[in-house]
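So the chains spell out like this:
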Amino acid sequence: LQRNPAFTSLHDTLASIALAQGDLATMEKEEALVRAQPDLEFGVNFRHGDMAASHGQLRQANDFYEKARQLAQRLQLKDLESSAIAEEGWVQALAGNQRQAIVAMNVALGTSQSYNLKLQAALTLAVTGDSRKALDLASEVAKSRPDDTFVQALGAPLAQAAEALQSGDASKAIEILKAATPYD
């Protein structure tokens, strides 16, 4: 930042670091420098949604995800828009609201078909018990990206393991996740 003060996206990274360190005052200071740029404000809303969700404040989290979604829609960034919808779905799944989670993931998948979104949808749907669609999505991504280490070792296996856990087969889930061992 000393060499290029206009490099404002670095402030978003610094805000994330401050959050990880538990320094909310610095996070807010860095976020204030980011809010002038709509594309970076997406990250601020997303981060605050995650923070609210981690404190069990689902309504507040959904409000932040909705702000992020609207901002991405205004900027015509479909992948970011679907990411905000998918994050809301993930939070709903973790809170045990399966129906809302499934609806959110279907909306997100209607907005974007990126492989990252498909993997997130596969994991979320596996947690909700929509096993068939979860496994289909994970398999589709794995087949379309055979040389992608992340997809092959973690992304697809994580969704498959979540489905195994949901089905009550913890030993199968552990076996599936062994693919990620070299990257642990």
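Here the structure is shown first, and the text comes after it.
Bear in mind that the values here come from a model prediction, so they are computed numbers and not experimental data.

## Section: the overall build of the protein chain
Here comes step 1: Helix and strand counts for the protein chain stand at 10 helices and 0 strands.
Here comes step 2: Secondary structure elements in the protein chain, listed N-terminal to C-terminal, are α-α-α-α-α-α-α-α-α-α.
Here comes step 3: Scaling as 2.2 N^0.38, a compact globule of 184 residues should have a C-alpha radius of gyration of about 16 Å, and the protein chain matches this with 18 Å.
Here comes step 4: In terms of overall dimensions, the protein chain has C-alpha extents of about 50 × 35 × 30 Å along its principal axes.
Here comes step 5: Evaluated residue by residue, the protein chain yields a buried proportion of 41% over its 184 residues.

## Some details on the pattern of salt bridges
Here comes step 1: Counting across every chain of the model gives 8 salt bridges.
Here comes step 2: In this structure, Arg-47 engages Asp-12 in a salt bridge whose closest nitrogen and oxygen atoms are separated by 2.7 Å. Of this pair, Arg-47 sits in helix 3 (residues 38-54) while Asp-12 is found in helix 1 (residues 9-20), placing the two residues 35 residues apart along the sequence.
Here comes step 3: Between Lys-78 and Glu-81 there is a salt bridge, with the nearest N and O atoms lying 3.9 Å from each other. Here Lys-78 pairs with Glu-81, and both are found in helix 5 (residues 78-94), just 3 residues apart, close to one helical turn.
Here comes step 4: The class of Lys-78 is partly exposed, set by a relative accessible area of 48%.
Here comes step 5: Within this structure, Glu-66, Arg-69, Lys-78 and Glu-81 form a network of salt bridges that share partners.

## Some words on the packing of aromatic side chains
Here comes step 1: Under the criterion given, the structure shown has 2 aromatic pairs.
Here comes step 2: A cation sits over an aromatic face here: Arg-145 above Tyr-115, 3.6 Å from the ring centre.

## A look at the packing of helix 4 (residues 58-74) against helix 5
Here comes step 1: Running from amino to carboxyl end, helix 4 crosses helix 5 at an angle of 165°, the nearest separation of the two axes being 7 Å. By the angle between their directions, the pair helix 4 and helix 5 is classed as roughly antiparallel. Of the two elements, helix 4 crosses helix 5, and the hand of that crossing is left-handed. Contact with helix 4, carried on its side by Leu-58, Asn-62, Tyr-65, Ala-68, Arg-69, Ala-72 and Gln-73, involves Leu-80, Glu-81, Ala-84, Ile-85, Glu-87, Glu-88, Val-91 and Gln-92 of helix 5 and no other residues of that element.

Each value, and the rule that gives it
- Every chain begins its residue count from 1, and numbering advances along the sequence as written.
- The predicted nature of this model means local features are confined to residues of pLDDT at least 70 and side-chain atom pairs, given and counted, to a pLDDT of 80 or more, with totals for whole chains, interfaces and linings taken over all residues.
- The side-chain numbers reported here are obtained from all heavy atoms of the structure, hydrogens and water having been left aside.
- By definition, any uninterrupted DSSP run of H or I lasting at least four residues is a helix, any uninterrupted run of E lasting at least two residues is a strand, and each is numbered from the N terminus.
- Atoms counted for the radius of gyration: C-alpha only. Globule rule: 2.2 Å times residue count to the power 0.38.
- For every residue, the accessible area obtained with a 1.4 Å probe (protein chains only) is divided by the maximum for its type, and the residue is called buried under 20%, exposed over 50%, and partly exposed between those limits.
- For this analysis, a salt bridge means a side-chain nitrogen from Lys or Arg found within 4 Å of a carboxyl oxygen belonging to Asp or Glu.
- Two aromatic rings from Phe, Tyr or Trp, using only the six-membered ring of Trp, form a pair when their centres are within 6.5 Å; if the ring planes differ by under 30 degrees the pair is stacked, by over 60 it is edge-to-face, and anything between is tilted.
- Two conditions define a charge located above a ring, namely a distance within 6 Å from the ring centre to NZ of Lys or CZ of Arg, and an angle within 35 degrees of the ring normal.
- Here an angle of 0 to 180 degrees is reported between the N-to-C directions of two axes, which are lines fitted to C-alpha atoms, with helices fitted over the stretch in contact.
- Any angle between 65 and 115 degrees counts as roughly perpendicular, while under 35 counts as roughly parallel, over 145 as roughly antiparallel, and the rest as oblique.
- In this scheme the crossing of two helices becomes right-handed for a clockwise turn of the near helix relative to the far one and left-handed for an anticlockwise turn of less than a right angle.
- When checking whether two residues touch, look at their non-hydrogen atoms; a contact exists if any pair is within 4.5 Å.

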